[in-house]
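Fold and contact review
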Amino acid sequence: MRALAVALDYVHRCGVLHRDLKPDNVLLDGLGVPRITDFGLARDLEDERARLTATGALLGTPGYLAPEQASGLKERVGAPADVYGLGGILYACLTGVPPVQGSSLLEVLAATAQGRITSPRALRPSSTASWSECACAAWPSSPAPGRAPRSCAQPRPRGSSRGRAAAAARGGPLACGRAASAARGPQASRAQDAAAGAARRLPRGVGGRDLRPAPRRRRRARRDEFPAAAAGYVQRARIAISSPDWDEARGWIDAALAREPDHGDALALAATIYRAQEDHAGLTALYARAVELDPLRFLRARALYLQGQGDLEGAERDLRGWLALEPESELPWLGLARLARDRERWAESIDAYAQCLRLAPGDPDGQVHRERGLVRLKAKRYEGAIADLERAAELRGAWDLGLRAGYADALTGARRYPEAAQAYRQALAVYPNQPLWVFTLHRLEAALGHPEEARRLIERAYELSQQRGLHPSVQAEIEAAWRAAQR
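This is a predicted model, so every value here is computed, not measured.

1. Some words on the overall build of the protein chain
If you tally the helices and strands in the protein chain, you get 26 helices and two strands. By residue count, 44% of the 487 residues in the protein chain fall in the buried class. Considering only residue pairs separated by 6 or more positions, the protein chain has 52% of its internal contacts joining residues 24 or more positions apart. Of the roughly 23,200 Å² of accessible surface on the protein chain, 52% is carried by carbon and sulfur atoms.

Here's what the structure looks like:
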């Protein structure tokens, strides 16, 4: 969890919100390090129309949504909503279920907005009180007076597990260590710095006793268990990363590579450290060397890195190199499909998704059909989009609002107006305050020859548009239709 908190804090410092944190969007790499994935809802932030029609008005996954997301208060959705999702991941790890459950989507959203969450210990008494408290600390939608908002900044809890949870609660959910002290004031920060400095200066032993803090003694004992060889140094680096102490970890990795320059695990862990320290020059040189040693392992890792850096041509080159090594794997095709989607090469993306489904037709959660359906929608291949989104809902076992919105948009494009109107009504029954959806339904009702209902809807769309900041072109379109209806 600490590694996820550090990663999320970095994302926030880059000015990006994820808005869909859940267990399905956390993957483990070959070294067991968790990675936050699927930033699909974090991309289309500029164009209001594209964002709503592509992903639906509900930005996130029911069960892991923050109350401000479930209530449709998009102007209040910020970094605390991501911290809420991080707490939801911890909750799922402790209990095996999402923080909020219900028999219907409407019930889940209502429970989320009202903050009805059962304590993890009530569901699974075997879970420790400290982790239960840490999960619950991420959930207040409105911080109490004197309490910091949900934050991931500097998640470096120290001391016992119970003390870490208490520190998180005092200093703001998941805001531990230095960040928690800063929230309590400069004197606390100075006191913590002084205490930390004193602890570092403690002698290793006086009268046979080790006077360093217990957590440091435990980490030292764990490190001493490993031999002075490359594999041992790699294990020591992993322990340092868990702190996290990137400088110490880098020292151990340098020692491992000095003994065995071609050690694959050391190179992979070095890449993790370089990314954390934003050493792009070092990471570029390391990947060039690592790809020569183990192309299958490192081509895919470098492709993800290059894509994140905006080098889409380099990412495509590495993905195709990976595909040449594993032609029967669907994963490089999935990477190529998403890369082509991000480059708005719709036909190329659709073909790559087809290859992915050919090699892995199961698609148990419907994600590949969902993604291809939304790409087909962008490409104005409406009937194909409809089929894909219906299949995604069938595989998932339910329609979420993102699927429903894309489906309604595809039905509209295919001129299947009665079905499109019904899809928008179903979405608005759960999430009624989206002006763009109301406006689209107004146009559908007008096309279907229902003038009174169309007039009522344009009044509602105009009222909602005055309360929310829409894209100027959308705002102008709604206002023009509203003025026309007044004549």
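Now that the structure has been shown, we can carry on.
2. Things to note about the environment of tyrosine 274
Looking at where tyrosine 274 falls in the secondary structure, it is placed in helix α14 (residues 264-276). Residue classification places tyrosine 274 among the buried residues on the basis of a relative accessible area of 13%. Residues tyrosine 274 and tryptophan 246, spaced 28 residues apart in sequence, show a C-alpha to C-alpha distance of 9.0 Å.

3. Observations concerning the pattern of salt bridges
Applying the stated rule across the entire model yields 23 salt bridges. With its nearest N and O atoms 2.9 Å apart, the salt bridge here joins glutamate 383 to arginine 416. Here the residue glutamate 383 occupies a position in helix α21 (residues 382-396), and arginine 416 occupies one in the loop between α22 (401-413) and α23 (417-430), the gap between them amounting to 33 residues. For the salt bridge of glutamate 463 with arginine 460, the shortest nitrogen-to-oxygen distance reads 3.6 Å. Of this pair, glutamate 463 and arginine 460 both sit in helix α25 (residues 451-467), three residues apart, roughly one helical turn.

4. Things to note about the side chain of asparagine 25
Structurally, the position occupied by asparagine 25 is in the loop between α1 (2-13) and β1 (26-28). A distance of 2.7 Å separates the side chain of asparagine 25 from the backbone oxygen of aspartate 20, its partner in a polar contact. Contacts of asparagine 25, omitting those with residues within four sequence positions, involve His18, Asp20, Arg35, Ile36, Thr37 and Asp38.

5. A look at the packing of helix α12 (residues 230-241) against α14
Between α12 and α14, the shortest axis-to-axis distance is 10 Å and the interhelical angle comes to 25°. The orientation of α12 relative to α14 falls into the category roughly parallel. Both α12 and α14 take part in a crossing whose hand is left-handed. Judged by residue contacts, Val234, Ala237, Arg238 and Ile241 of α12 engage Asp265, Ala266, Leu269 and Ile273 from α14. A per-class count over the contact of α12 with α14 returns six nonpolar, no polar and two charged.

6. Regarding helix α19 (residues 346-359)
Compared with an ideal rise of 1.5 Å per residue, which puts 14 residues at 20 Å, α19 spans 20 Å between its outermost C-alpha atoms and is within 8% of the ideal. The set of residues buried in α19 consists of Ser349, Ile350, Ala352, Tyr353, Cys356, Leu357 and Leu359.

7. Re the environment of glycine 232
Assignment of secondary structure puts glycine 232 in helix α12. For the pair formed by glycine 232 and isoleucine 253, sequence separation is 21 residues and the distance between their alpha carbons is 10.0 Å.

8. So, the packing of aromatic side chains
For the coordinates displayed, the defined rule picks out five aromatic pairs. Consider the rings of tyrosine 462 and tryptophan 482, whose centres lie 4.0 Å apart with planes at 5°: the pair is stacked. With tyrosine 462 in helix α25 and tryptophan 482 in helix α26 (residues 472-486), this residue pair connects regions lying 20 residues apart in the sequence. On the accessibility criterion, tryptophan 482 (22% relative accessible area) is partly exposed.

9. Some thoughts on unusual backbone geometry
One non-glycine residue, glutamate 278, lies in the positive phi region at around 55°. The phi dihedral of aspartate 363 falls on the positive side, at around 45°, and the residue is not glycine.

10. A short note on the packing of α22 against α23
In the contact formed by α22 and α23, the axes pass within 8 Å of each other and the chain directions differ by 155°. Judged by the angle between their axes, α22 and α23 are roughly antiparallel. At the point where α22 passes α23, the crossing takes the left-handed sense. Here α22 contributes Leu401, Arg404, Tyr407, Ala408, Asp409, Leu411 and Thr412 to the contact with α23, which in turn contributes Tyr417, Glu419, Ala420, Ala423, Tyr424, Gln426, Ala427 and Val430. Here the contact of α22 with α23 is composed, by residue class, of ten nonpolar, two polar and three charged.

11. Quick word on the nonpolar core
If you look at the biggest cluster of nonpolar residues, it comprises 46 residues, and the most contacted ones within it are Ile253, Phe298 and Trp333. In this structure phenylalanine 298 touches Gly264, Leu267, Ala268, Tyr287, Ala290 and Val291, once residues within four positions along its chain are discounted.

12. Here's the deal with the side chain of arginine 370
Inspection of the secondary structure assignment puts arginine 370 in helix α20 (residues 367-378). Among the residues examined, arginine 370 registers a relative accessible area of 16% and is labelled buried. At a separation of 2.8 Å, a polar atom in the side chain of arginine 370 contacts the side chain of aspartate 400.

13. Let's talk about helix α17 (residues 312-325)
The end-to-end C-alpha separation of α17 is 20 Å, in line with the 20 Å expected for 14 residues at 1.5 Å each. Looking at the buried residues of α17, the elements they touch are α16 (295-308), α18 (331-342) and α19.

Quick notes on the rules
Residues numbered from 1 in each chain as written. Predicted model: local features only at pLDDT ≥ 70, side-chain atom pairs only at ≥ 80, totals over all residues. Heavy atoms only, no water. Helix = DSSP H or I, 4+ residues; strand = E, 2+ residues; numbered from the N terminus. Buried < 20%, exposed > 50% of the residue type's maximum accessible area, 1.4 Å probe, protein only. Contact = heavy atoms within 4.5 Å. Areas by Shrake-Rupley, 256 points an atom, 1.4 Å probe, with all protein chains shown as cover. Salt bridge = Lys/Arg side-chain N within 4 Å of Asp/Glu carboxyl O. Polar contact = N/O pair within 3.5 Å; in protein donor to acceptor, adjacent residues only side chain to side chain. Axes fitted to C-alpha atoms, helices over the stretch in contact; angles between N-to-C directions. Parallel < 35°, antiparallel > 145°, perpendicular 65-115°, else oblique. Left-handed = near helix turned anticlockwise from the far one by under 90°. Nonpolar A, V, L, I, M, F, W, Y, C, P; charged D, E, K, R; others polar. Expected span 1.5 Å × (residues − 1). Phe/Tyr/Trp six-rings, centres within 6.5 Å; stacked < 30°, edge-to-face > 60°. Core = buried A, V, L, I, M, F, W, Y, C linked by side-chain atoms within 4.5 Å.

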